[in-house]
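Examination of the molecular architecture
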There are 2 protein chains.
Amino acid sequence: MNSLNLKNFIREIPDFPKEGILFRDISPLMEDPKIWAQIMNNFSQLCMKVQPDIVVGIEARGFIVGSSLAYKEGLGFIPFRKPGKLPGDVIGIDYKLEYGNDRLEANEKSLYKGIRVLLIDDLLATGGTAKAASDLIFLSQANLVGIGFIIELSELNGRKKLPKDVIIESLVKY
Amino acid sequence: MNSLNLKNFIREIPDFPKEGILFRDISPLMEDPKIWAQIMNNFSQLCMKVQPDIVVGIEARGFIVGSSLAYKEGLGFIPFRKPGKLPGDVIGIDYKLEYGNDRLEANEKSLYKGIRVLLIDDLLATGGTAKAASDLIFLSQANLVGIGFIIELSELNGRKKLPKDVIIESLVKY
């Protein structure tokens, strides 16, 4: 099958979630299994490069991307969640957003020393959330080997916040 | 492969999210690809029965379950989300929780008349959220043909809230 240009299927929504932001909506990609299969095949190539043991997805759209990929690759899936959502003992990282603060949490026992982690999210924007997730992986002594995004908003320079020794791939760049 | 007893892998956490509730945690199921594959195979059998065109998953754990299944079956995936999360025009349903109210939203155009929908979530408890999701599918004039849960807490009678003419399957019952 010829490769589809994903940009043609990403929906642009002005002023969401607030005025002045052009939101890139991946819903049409999820709704079309041919497009989704292409995305998963692209991420499989990243998996071949970085040989992860497990996939971490960031709440909430990262769950959709990461879960499909983990299933395809026969890997386990670990969710990184907003505070208070995960039961039991958790580890967490507080981080700054443009306005205010947020926190990302993981089950304390899910990650451990040496396990090879592929971090997945739908979008790399300013990089705050992905940076917090990579810090959380570092905190757990796991080995972050790759990060994959469907979309990267290059002009926001989020990539500069992320670890230099990790393979970072985005399928679509603006 | 012999079928694994899923109950052996579900983690029980007392007093979460509040005192007196015994939380059934499916994290260990997601982390083990053999167990996850068994769950997906079980849901594939449900798909064979109900022949869905698309999978709907409810935020947030329903995204993890539904996305893997949609990928496996070569079907599109549609997220039902908490209010304010989806961009663009949405349809929504307000519903009551034990304490307070909540709302579930879907992209206005994702579902339409006659499309066969399989609704997926991790847990059927009192059924409030699943009922709201089935109402939202009805509102969109789509055809809800099946509902699948990993866990059903039978004593809470959530199933009684759900449509009578739809095949409802839970992989683990308490």
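Attention in this report is confined to the structure presented alongside it. (Residues numbered from 1 in each chain as written. Chains lettered and ligands numbered in written order. Predicted model: local features only at pLDDT ≥ 70, side-chain atom pairs only at ≥ 80, totals over all residues. Heavy atoms only, no water.)

So, the interface of chain A and chain B
With 35 residues of chain A at the contact, the number on the chain B side is 35 residues. In total, chain A and chain B occlude about 2800 Å² of area from one another, counting both sides; carbon and sulfur atoms represent 60% of this. Of all residues in chain A, Glu-31, Tyr-71 and Pro-87 of chain A give up the largest surface area on contact with chain B, accounting jointly for 23% of the area buried on that side. Between chain A and chain B we count 0 salt bridges in total. Linking chain A with chain B are 8 residue pairs in polar contact (both at pLDDT 80 or more). Of all elements in the fold, only strand 1 (11-14), strand 2 (22-25), helix 1 (27-31), helix 2 (33-50), helix 3 (61-73) and strand 4 (76-80) of chain A reach the threshold of two or more residues within the side of chain A that touches chain B. With 7 residues, helix 3 of chain A is the largest single contributor of residues to the side of chain A that touches chain B. (Contact = heavy atoms within 4.5 Å. Buried area = accessible area lost by both parts, 1.4 Å probe. Salt bridge = Lys/Arg side-chain N within 4 Å of Asp/Glu carboxyl O. Polar contact = N/O pair within 3.5 Å; in protein donor to acceptor, adjacent residues only side chain to side chain. Helix = DSSP H or I, 4+ residues; strand = E, 2+ residues; numbered from the N terminus.)

Considerations on the side chain of Ser-44 of chain B
Residues and elements named next belong to chain B. In this fold, Ser-44 is placed in helix 2 (residues 33-50). Classification of Ser-44 as buried rests on a relative accessible area of 8%. A polar side-chain atom of Ser-44 sits 2.7 Å from a polar atom in the side chain of Lys-72. (Buried < 20%, exposed > 50% of the residue type's maximum accessible area, 1.4 Å probe, protein only.)

Digging into the relation of the copies chain A and chain B
Each copy superposes on the other: chain A lies on chain B with an RMSD of 0.0 Å after a rotation of 180 degrees and an axial shift of 0.0 Å. Accordingly, the operation relating the two chain copies is best matched by a two-fold axis. Proximity to the rotation axis, assessed at the C-alpha, singles out Ser-68 of chain A in chain A; its C-alpha lies 2.2 Å from the axis. When you check the interface residues of chain A against chain B, 100% turn up at the interface there too, and the contact is symmetric in its surfaces. (Least-squares fit on C-alpha atoms with pLDDT ≥ 70 in both.)

Some thoughts on the sheet that holds strand 3 (residues 54-58) of chain A
Residue and element names in this part refer to chain A. The sheet built from 5 strands is open, its strands ordered 4-3-7-8-9 with parallel pairing. Taken across any chain shown, the strands that pair with only one partner, and hence form the sheet edges, are strand 4 and strand 9 (167-173). Direction aside, neighbouring strands of the sheet carry axes that sit 20 degrees apart on average. One ladder, built from 8 bridges, connects strand 7 (residues 116-124) with strand 8 (residues 143-152); its direction is parallel. (Pairing = 2+ DSSP bridges. Axes fitted to C-alpha atoms, helices over the stretch in contact; angles between N-to-C directions.)

A closer look at empty space enclosed by the protein
The full count for this structure, using the stated rule, is 4 cavities of 30 Å³ or more. Along the walls of the largest cavity sit Phe-63, Pro-79, Arg-81, Leu-86 and Pro-87 of chain A together with Phe-23, Asp-25, Ile-26, Ser-27, Met-30, Arg-61 and Ile-64 of chain B, which together make up its complete lining. Elements that contribute at least two residues to the lining of the largest cavity include exactly strand 2 (22-25), helix 1 (27-31) and helix 3 (61-73) of chain B. Per-class residue counts for the lining of the largest cavity are 8 nonpolar, 1 polar and 3 charged. Lining the second largest cavity, in full, are Asp-25, Ile-26, Ser-27, Met-30, Arg-61 and Ile-64 of chain A together with Phe-63, Pro-79, Arg-81, Leu-86 and Pro-87 of chain B. Secondary structure elements with two or more residues in the lining of the second largest cavity: helix 1 and helix 3 of chain A. (1 Å grid on protein atoms, 1.4 Å probe; cavity = no way out; pocket = protein on both sides within 12 Å on 5 of 7 lines; lining within 4 Å. Points joined across faces, edges and corners; volume = space filled by probe spheres on them. Nonpolar A, V, L, I, M, F, W, Y, C, P; charged D, E, K, R; others polar.)

By themselves, these are just geometric observations and shouldn't be taken as functional.
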